[in-house]
Structure formats: structure tokens, C-alpha cells
Amino acid sequence: MKTGIVSYGGYVPRYRIRPKDIGAVWGSDGEAMGRALNIRAKSVPGPDEDVITISVEAARACMAKVDLEPTEIGAIYVGSESHPYAVKPTATIVAEAIGAAPVLTAADFEFACKAGTAAMQAAMGLTLSKMMKYGLAIGSDTSQGAPGDALEYSASAGGAAFLIGTDKPIAEIDHTVSYTTDTPDFWRREGQRYPSHGGRFTGEPAYFKHVISCANLLFKRAGTTAADYDYAVFHQPNGKFPVRVAKQLGFKDGQIDAGMCVRDIGNTYSGAIMVGLCAILDEAETGDRIFAVGYGSGAGSDAFDITVTNEIARINRKATPSMKEMIADHVFIDYSTYAKYRGKILMREA
Amino acid sequence: MREVAVIGVGQTEFGELWDRSFRDLGIEAGLKAIQDANVRSEDIDAVYIGNMSAGKFIDQEHVSALVADYAGLADMHLPTVRIEGGGACGAIALLQARLAIMSGLHDIVIVGGAEKMTDVGDVQAAEILSSTADQEWESVFGATFAGLYAMMARRHMHEYGTTREHMASVAVKNHKNGALNPEAQFQKEITMDTVLNSPWVAEPLGLFDCAPLSDGAAALVLCSMEKARKFTDAPIRIAGSGQASDFLAVHDRRDLTTMDATVVAGKRAFAEAKCEPKDVQVAEVHDNFTITEILAIEDLRFVEKGKGGPATMDGWTALNGKISVNPSGGLKARGQPVGATGVAQAVEIVRQLRGQAGKRQVVGATRGLTHTLGGTGATAVVHLFERGS
């Protein structure tokens, strides 16, 4: 018996801002920054959007594709580093919004950009052990980049939800493996509005070490090589890192293109690899194999070896817009609108 | 006064060595130098360490005792000295160790230099480096280290017609040399366009006009010349040393385009060594910014004042040019772990004079020079080395 993805749904806010418009405010060459990061635009949450609304949108998109009772969901876990409340779960609101409450367990996860994949693994265990029929794993963020900081060019918003279970999965998760160390490359302490990061330290000893080590563990466990997969998707903090890591692992451009959403929407943090995986599932066919490795600062990677089943043809993938359509349906805003939407303008107190 | 020779050299690779600690680096460089010199620990009389700011970079002071301890010398109870003098600290440590042997107090002394700079963020590292400028009269008014050097570059451009291309040619040359140095941080050649198109750090200095932040360590074993032959057939004599200081703040100096400390330190070293700039075939000079190398080769009288830029562009200072400047890659390409800089320069010159510099060997080198700066030039140290006859 295998557990896997029974349904999926992603959500990306419509608003976008271009690197050039961010750079113009800080006296930097934003276009050059965009080129260096391989990012054309990043998504911006609207004034009424947060991790709760994004998670609900993703969960609804996930449930819309299948004819299942939400009450069969035994767990909802939401991974994010921008939960609106420090104390008070996002997951309970999602549960109520999709009609899954009250007979279920729910919790919020945090592991920088890989809290969503950690939630997937938890749901895998709970369904494989028959504790419940389905678990809903969500990764979602409205990430914070300090004004003027390099992160401001990429930190964006979006999320995805995966219904995990052993009953008719559209994609079986054949193997999963994680690689975790204590590596402080990026952090935000309680009460701090913006995260701190170790600059270039976030690259080689952090992202690359963990993603590559975890990927190689998965190759070993699955007995596969890059050539065995139709698709590969990696955590995408920018458009450069996943391309380099894919090349190092032996993947070709054609294998990673479908899941590389970062170029048009930026880094959706906990949503990043999951949104990429949604984009792949939008077009994947029976028998396709997918190699997925997430990354979360602090630091760790979760890797998944996934095989698409013939159930993919039986769900209604057209019930919601595809990731490609959602990404294409955008509205560009300028920095002042961005500043207003992101709450960076000090308002008169009531 | 007794003559002093270098009988052993050692160096770590330079770079962003995130998995290596200050201690690791110091031990590696020290042990390599001791092995190279073929001395035993009981032969060692003292340890001198050049280190700029371990207190700020890694929260560790008292690194003199630390280095001796981790080198396995704690139970020898050696006198250990840590020298601080901005970027010149390693070169000053060498000078002080030499004096200790010249005086007859010691016979064999270890000179080490080390800095671990990547444990703090880039912004913090830049602030720490800037603390060698005048905090009350420069930094507090917003002057950054790069900004102060940029002012020197601007004035040099104004006075002598130096161009960005002239300055860029320093970086291109040093990267070319660094590509031949397996211990260098950047072992990659760059083009003039890369330098000219790099983003401003402080106009007219772009990113590629600036030396990087680095981790690394270097070490030397010094010995009185009379005992040196016991350990090696090729002792490298320190023929002369000069150190000089100047006004701490750039705006107090006589001339923005001349580092008087370099001029004076150079004269002192050449006077002691009884030779002239034309007698030097290879030099490692301070190139924390490209303009700094241009100032250095002028102030050391390798080229006429104002001609440093065109001379570099014309290849005078290229490997095996009229005088080979920074064959190691310099601070720009070899890397700049501040405390290690002056010692690493000496390591390179010793290797050059021994004929052990591999692909970057300066042909027929018999006399070499090191030039190291502290801050924006308020300290300068020059050493002259000669191959023993």
C-alpha cells in the first residue's frame, strides 16, 4: 500500500511588482538584480490577503478537483513562516472554511520554506498508519523581505494544498527522505518584523549542501538517477539556485521548466516547491515520475520520489484555473501601491 | 645586530571557509610553517601573531595564548604576543619578531597572521574593517572605508589623469595571477568589462575594484641567520624593514594621492637593505582597492608619481614584467583575511625567492618586497627579502 497525493490546489495572488520598480526606490539597479536572481516579477498579496486566505484558497482549489467529503479529512497542517497569529492556529480557520471541522486534528507548522513539505510527510505517516483516511498538508506564505534588503526582490506570496491519502492517489509518493542540520542561514526572532540572513552563507553551506545531500539520499533510496524522471522541482528561493542544483544533479532544462514558477512570481517560501509541484501535476500524465526536493533555512531538505497514477485522469483538473493560468492572470503595481498593500505605510491611529 | 632569515613558510587556502574556525586555520598555517622549517617545538622561543579584530569577528580576544595553546605549545610556556595595527598587523608582527631575534633575545620565532571574517554578516564585516579609519572624524560622519579610498582615487584621477580602466587593469592583472595560485580565493581570470561594469561600491570604485572578505591564516618561521643553516640550505634573509605612521584621518594628510607612510617606510627599508627599488624583481603590495596598488607602486618608487595607472595598463607590473607586482593575486584575488595579509605576502615572496612559486614563478627573482597598510594608510610596513648567497 502506498500513500500519495489524492488532490492538489495552488493559489498565487494577482498582484505583481517588478524588480526594476523596487530598485528605483532604493537607488539600486533593480533590473540587474532581477537578472541576477532570474526573477521577472514577484507576487504581492492584496490588502485583504494573508496566509489564512491563501491557505483557504489553495485548500478549496484542492477540494474542488475531487468529489470527497471534507469531513473525511482527519488532519490539517499549515506550514508557514508568516502565520497571521503568533498564538491561534491558521489550520483551524482553514478547517472551518472548507467544512472539515470539527472531528479532526489541526496544527500550524514552521520550518522556514519547508514547513509545507514537512506537513506532507506528517500526513503520509498518518494515512499510511490508517489513523485517518486523508490529511491535508498546506504550505503558504506572505513572506517578509526588509525594505531595501536583497530579499525584497524575491519575497512573495502564494501557497498550495495537497490532500494526502492511500485511497486512489493521483500520484504515489514512492519514497521520501529528509536531511536536517542546524545551520543558521536565515532566521527571524519572536517579535521581529523582518528576517535576518547570512548573505552568501545562504548558498553553498545552506541551500546547496542540503538540497544536494537530500537529493542524493533519495536517488540512493529509490535506486534512480536524474534520467529516470520526467519532471524535477526544487525549492526556488530565486531563479538561479534551482537551475544550478538541477544541473549539478544531472537534470536537463526540459525536466525543470514546468515547475519553475519563481521566475514569474518570486519566492513564495513555504509555498514555493508546492506551487511548482502543482504546476507539474497540472500537465503530468499517467506514469510520469517526479523528483521533488524542498529546502527550509535553519536548515533542512525534504525529498519526494513521486509517480503519477492513472487516477490523474479521473479527477477534474479543470475545476480550477491551472497554475500557469493563475500566474498569467496578473496586475502589475508600483512600489507605492506595494508599500500600501504590505502595510509599510504608517497610518493615523484610530 | 644579528641577521634574520625566514626558514619556514605555511599558509591555508584563503576564501569563505565556513566550515573552518579561527583555530583550525591558525593551526594549519602554523604546522605547515614548522614542518617546512624542519624545527622541533622545543626549538621555538616565542610566537608573534598578527590579528586585526578577532574580538569583533569571532568574540575572541587573547588570541596570542590561544594560538600557542592550539599549536600544542602551551606547556612550553612561551612568550606570545598579539599585534594589532589594522591591516598591517601581520607585517608588524613580522617586524617585531625580527627585532626580537636581531636583539639576541630569541633565536627562533613563529610569526602568524590570521583572520576569520565570515562568521559575521557582510555589513558587520564592512563596519569592522572601517573601524581602522578615524571613528570620531571619519566614520561618524558617514565615511566608509571604500568611500575614503574612493576619494583618493578621485583625486588621483583629477591630478594625474588616471582612469577607471587604469584602475581596472590592476584587478584584471591580479586575478590573472590569482588563477595561477592554488591557495587564492579567486582562481579565475576576469575581463576589463567585468570590472568596469560591476556595481558601484563607492564611485569610482566598483565591486571588482575591491578586495573580498576572507578567512585564512599564514605563518613564518624566523631564525637568526647563524642558526638558519642548521635547518635549511636556502634561508631567505630579511634585508631591511621599515615601518611608518601618518595622520589617522585621510583629511589631515598632506596629500590625498601619496601615502607618506608608505614613502617613509619604503625609504627606511631600502636604506637598511642598501638597495634601490630597481633592484627588486618581485613585490607583494597592499591592494585592498585597485587605487591602492597604484599608489603603492608610485610611493615605493617602482614607477614615477602619477604613472601607476598607465604602467599597470601597459603590463609593467604583470607577472615577469618590469617588476612583478602581486604574483600571488594580491589582496584582490588571493584574498584578504586582514591579520594574515602581511604574513601571506611574506610567504609569497619567500616562495618566489626560493623558486617554489610554481606557475606564477618570477624568473630570476633574487630580491622581493612586501608592502602592507593599516587603515587608509596611517600605518605602512615594508620588508625587503633576499635570497641567501
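A. Layout of the overall build of chain A. The secondary structure content of chain A amounts to twelve helices and 14 strands. A compact globule built from 350 residues should have a C-alpha radius of gyration of about 20 Å, and chain A, at 19 Å, falls within 12% of that. In chain A, buried positions account for 54% of the 350 residues. Contacts spanning at least 24 positions in sequence make up 78% of the contacts within chain A whose residues lie at least 6 apart.

B. Representation of the domain arrangement of chain B. All names here are of chain B. Each domain of chain B was delimited in the assignment, giving domain 1 (4-121 + 214-228) and domain 2 (122-212 + 237-387). Taken together, the contacts link 41 residues of domain 1 with 40 residues of domain 2. Looking at the side of domain 1 that touches domain 2 element by element, the count peaks at seven residues for helix H4 (residues 89-102). Its residues assigned to classes, the side of domain 1 that touches domain 2 comprises 22 nonpolar, 14 polar and five charged.

C. Representation of the environment of Glu159(B) within the structure. Residue and element names in this part refer to chain B. Tracing the sequence through the fold places Glu 159 in helix H6 (residues 145-160). Taking C-alpha positions, Glu 159 is 7.8 Å from Gly 306, a pair spaced 147 residues apart along the chain. Here Glu 159 is in contact with Thr 257 and Gly 306, once residues within four sequence places are set aside.

D. Structural detail: the environment of Gly86(B). Residue and element names in this part refer to chain B. Along the chain, the position of Gly 86 falls in the loop between strand S3 (80-83) and H4. It is 28 Å that separates the C-alpha atoms of Gly 86 and Ala 318, two residues lying 232 residues apart in sequence. Beyond its immediate sequence surroundings of up to four residues, Gly 86 is in contact with Met 52, Thr 132, Gly 374, Gly 375 and Thr 379.

E. Layout of the interface of chain B and chain A. Contacts between the two partners involve six residues from chain B, matched on the other side by six residues from chain A. Classifying every residue of the side of chain B that touches chain A by side-chain character gives two nonpolar, one polar and three charged.

F. View of the sheet that holds strand S1 (residues 4-11) of chain B. Residues and elements named next belong to chain B. Strand order in this open sheet of ten strands is S3-S2-S4-S7-S1-S8-S12-S11-S9-S10, and the pairing throughout is mixed. Edge strands, defined here as strands with exactly one partner in the open sheet, are S3 and strand S10 (324-325). Across five bridges, strand S2 (residues 46-50) lies against strand S4 (residues 108-116) in parallel orientation. Residue pairing for S4: Ala 46 is matched across the bridge by Val 109. Packed onto the sheet, helix H14 (residues 338-354) meets S1, S2, S4, strand S7 (215-224), strand S8 (236-245), strand S9 (282-284), strand S11 (367-374) and strand S12 (379-387) and runs at close to 125° relative to S4.

G. A look at the pairing of strand S6 (residues 134-142) of chain A. All names here are of chain A. The element S6 is largely enclosed, with a buried count of nine among its nine residues. Because side chains alternate across S6, one face comprises the buried residues Tyr 134, Leu 136, Ile 138, Ser 140 and Thr 142, and the other comprises Gly 135, Ala 137, Gly 139 and Asp 141, equally buried. Summarising the sheet, strand S4 (residues 73-79) and S6 pair through six bridges and their orientation is parallel. Its bridge partner being in S6, Ile 76 is matched across the sheet by Leu 136. Both S6 and strand S7 (residues 157-165) contribute to a ladder of nine bridges, which runs antiparallel. Within the sheet, the bridge partner assigned to Gly 139 lies in S7 and is Ala 160.

H. Molecular detail of the sheet that holds S6(A). Residue and element names in this part refer to chain A. Taken in spatial order, the nine strands of this open sheet run S5-S4-S6-S7-S1-S8-S13-S12-S11, and their pairing is mixed. Looking at the sheet topology across the chains shown, the edges are occupied by strand S5 (105-109) and strand S11 (231-234). Geometrically, the sheet is characterised by an average inter-axis angle of 20° between neighbouring strands, direction not taken into account.

I. Representation of the domain arrangement of chain A. Residues and elements named next belong to chain A. Taken as a whole, chain A is organised into domain 1 (4-170 + 320-340) and domain 2 (171-311). Here domain 1 and domain 2 have C-alpha centroids that lie 16 Å from each other. Mapped by element, the contributors of at least two residues to the side of domain 1 that touches domain 2 are strand S1 (4-11), strand S3 (42-44), helix H5 (115-128), S6, S7 and helix H11 (323-328). The element that contributes the greatest number of residues to the side of domain 1 that touches domain 2 is H5, accounting for six residues.

J. Representation of the confidence of the model for chain B within the structure. For chain B, the average pLDDT comes to 96, and 100% of its residues sit at 70 or higher. Two summary scores accompany this predicted model of the complex, namely pTM at 0.87 and ipTM at 0.74.

K. Structural view of the packing of helix H1 (residues 19-26) of chain A against helix H2 (residues 30-37) of chain A. All names here are of chain A. Between H1 and H2, whose axes approach to 7 Å, the crossing angle comes to 135°. The pairing of H1 with H2 is recorded here as oblique in orientation. Pair H1 / H2 crosses with right-handed handedness. Contacts between H1 and H2 involve Pro 19, Lys 20, Asp 21, Ile 22, Gly 23 and Ala 24 from the first element and Gly 30, Glu 31, Met 33 and Gly 34 from the second. Residue composition of the contact of H1 with H2, grouped by class: four nonpolar, three polar and three charged.

L. Highlighting the pairing of S1(B). All names here are of chain B. For S1, the tally of buried residues reaches eight of eight residues, placing the bulk of the element in the interior. Sheet topology places S1 next to S7; seven bridges connect them, and they run antiparallel. Following the sheet pairing, Gly 10 is matched in S7 by Ala 219.

M. Quick peek at H14(B). Residues and elements named next belong to chain B. When the terminal C-alpha atoms of H14 are compared, their 25 Å separation across 17 residues agrees well with the 24 Å that a helix rising 1.5 Å per residue should span. Summarising burial for H14: 16 of the 17 residues are buried, a large majority. Of the residues one or two after H14, Gly 355 is the one with positive phi, at around 80°.

N. Highlighting the nonpolar core. Val111(B), Leu220(B) and Val221(B) are the most contacted members of the largest nonpolar core, which has 131 residues in total. A domain split of this core shows at least three residues from each of domain 1 (4-121 + 214-228) and domain 2 (122-212 + 237-387) of chain B. Every residue in contact with Leu220(B), bar those within four places of it in the chain, is listed here: Val6(B), Gly8(B), Val9(B), Ala33(B), Leu94(B), Val111(B), Val343(B), Ala346(B) and Val347(B). Grouped together as the second largest cluster of nonpolar side chains are 110 residues, Phe109(A), Ala118(A), Ala292(A) and Ala299(A) included.

O. Local environment of H1(A). Residues and elements named next belong to chain A. Taken residue by residue, H1 has Pro 19, Ile 22 and Gly 23 as its buried positions. End-on, the buried residues of H1 take up no more than an arc of 95°, which puts them together on one face. Summarising the contacts, the buried residues of H1 are in contact with strand S2 (15-17), H2 and helix H12 (335-341). With its phi angle positive at about 70°, Gly 27 sits one or two positions after the end of H1.

P. Seen up close, unusual backbone geometry. Ala299(A) follows Gly298(A) through a cis peptide bond whose omega is 10°. Note that Ala299(A) resides in strand S13 (residues 298-308). Along the chain, Glu203(B) connects to Pro204(B) via a cis peptide bond; the corresponding omega equals 10°. On the secondary structure map, Pro204(B) appears in the loop between strand S5 (200-202) and strand S6 (205-206).

About the thresholds
Residues numbered from 1 in each chain as written. Chains lettered and ligands numbered in written order. Predicted model: local features only at pLDDT ≥ 70, side-chain atom pairs only at ≥ 80, totals over all residues. Helix = DSSP H or I, 4+ residues; strand = E, 2+ residues; numbered from the N terminus. Rg over C-alpha atoms; globule rule 2.2 N^0.38 Å. Buried ≥ 20, exposed ≤ 12 C-beta atoms within 10 Å, placed from the backbone. Contact = placed C-beta atoms within 7 Å. Domains from an automatic or database assignment. Nonpolar A, V, L, I, M, F, W, Y, C, P; charged D, E, K, R; others polar. Pairing = 2+ DSSP bridges. Axes fitted to C-alpha atoms, helices over the stretch in contact; angles between N-to-C directions. pLDDT = per-residue confidence, 0-100. Parallel < 35°, antiparallel > 145°, perpendicular 65-115°, else oblique. Left-handed = near helix turned anticlockwise from the far one by under 90°. Expected span 1.5 Å × (residues − 1). Core = buried A, V, L, I, M, F, W, Y, C linked by C-beta atoms within 7 Å. Arc of directions from axis to C-beta.

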